[in-house]
Amino acid sequence: MAPVDSIGIDAPVNPTAQLIGTVVTAIIAVTMVGVTITLCRRERVRWPLLVLVSGTMTCFLEPLYDHLYGLWFLTEGQWNAFVAYGIHIPIWLPMIYVAYYGACTVLFWYRVQKGAKIGRASCRERV
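This is a predicted model, so every value here is computed, not measured.

Undergrad: Explanation requested: the packing of aromatic side chains in the structure shown.
TA: For any pair of aromatic rings, the description consists of the separation of the ring centres together with the inter-plane angle of the planes. This model, assessed by the stated rule, comprises six aromatic pairs. Between Tyr97 and Tyr101, the aromatic rings sit 4.9 Å apart at their centres with planes inclined by 35 degrees, giving tilted as the arrangement. Here Tyr97 pairs with Tyr101, and both are found in helix H4 (residues 92-113), just four residues apart, close to one helical turn. Ring-pair connections join several aromatic residues into one group, and the members of that group are Trp47, Trp109 and Tyr110.

Structural data, given as C-alpha cells:
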C-alpha cells in the first residue's frame with residue numbers, strides 16, 4: 001500500500017508556542033511518571049513501570065501512521081525528537097505518549113481494580 005500524498009505546506013513553527021507546548025507536556029509527563037511510581041510503591045508492584053515504558057515506546061509507531069495517511073508536523077524550526085519515514089516528530093510527542101499510553105493505562109487499571117463505576121454498575125458487579 002503506497003502512502004497517501006499530502007499537499008501539506010511547511011511553515012515555521014512558532015517558537016513561543018513550541019516552548020509553551022514543550023514545557024506543559026513535560027510537566028504533564030513528569031507528573032504522570034511520579035503518580036505511576038507512587039502507585040508502584042503503594043501497591044508494591046513493578047509491572048506498571050513496564051506498562052509505562054511500553055506505552056512510551058508506541059511513539060515509534062507514530063511516523064508510520066503519519067507517513068501512510070499523509071499527515072505531517074511543521075518542520076521549520078521544530079525541535080525534533082527523531083525523524084522516521086520522512087516524518088519529523090516533535091519533542092513533545094513522546095512526552096505525551098508517556099502520559100497517555102503509559103501512565104493513563106496504569107491509572108485506568110487501578111480505577112477498574114478499585115471498582116470504578118462504568119455505566120450503571122461497577123466493574124466488579126459485571127463480572
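Undergrad: Looking at this model, I keep getting lost on helix H3 (residues 62-69). Mind explaining?
TA: Helical geometry: 3.6 residues make up each α-helical turn, so side chains three or four residues apart lie on a common side. Those residues of H3 lying buried are Glu62, Pro63 and Asp66. Looking straight down H3, one finds that the buried residues subtend no more than 90 degrees of arc, so they occupy a single side. Against the buried residues of H3 lie strand E1 (80-84), strand E2 (87-90) and H4. Of the residues one or two after H3, Gly70 is the one with positive phi, at around 70 degrees.

Undergrad: Please clarify how the nonpolar core should be interpreted in this entry.
TA: Across soluble globular proteins, you tend to see nonpolar side chains buried next to one another. Among the nonpolar cores identified, the biggest contains seven residues, and these are Ala29, Met32, Leu52, Met95, Val98, Ala99 and Ala103. Counting residues per element, the ones that place at least two in this core are helix H1 (15-43) and H4. A per-element tally of this core places H4 first, with four residues. Those residues in contact with Met32 that sit more than four places away from it in its chain are Ala99, Ala103, Cys104 and Leu107. In terms of nonpolar packing, the next biggest core, distinct from the first, is built from six residues, Phe82, Ile87, Ile89 and Tyr97 among them.

What counts as what
- Residues numbered from 1 in each chain as written.
- Predicted model: local features only at pLDDT ≥ 70, side-chain atom pairs only at ≥ 80, totals over all residues.
- Heavy atoms only, no water.
- Phe/Tyr/Trp six-rings, centres within 6.5 Å; stacked < 30°, edge-to-face > 60°.
- Helix = DSSP H or I, 4+ residues; strand = E, 2+ residues; numbered from the N terminus.
- Buried < 20%, exposed > 50% of the residue type's maximum accessible area, 1.4 Å probe, protein only.
- Arc of directions from axis to C-beta.
- Contact = heavy atoms within 4.5 Å.
- Core = buried A, V, L, I, M, F, W, Y, C linked by side-chain atoms within 4.5 Å.

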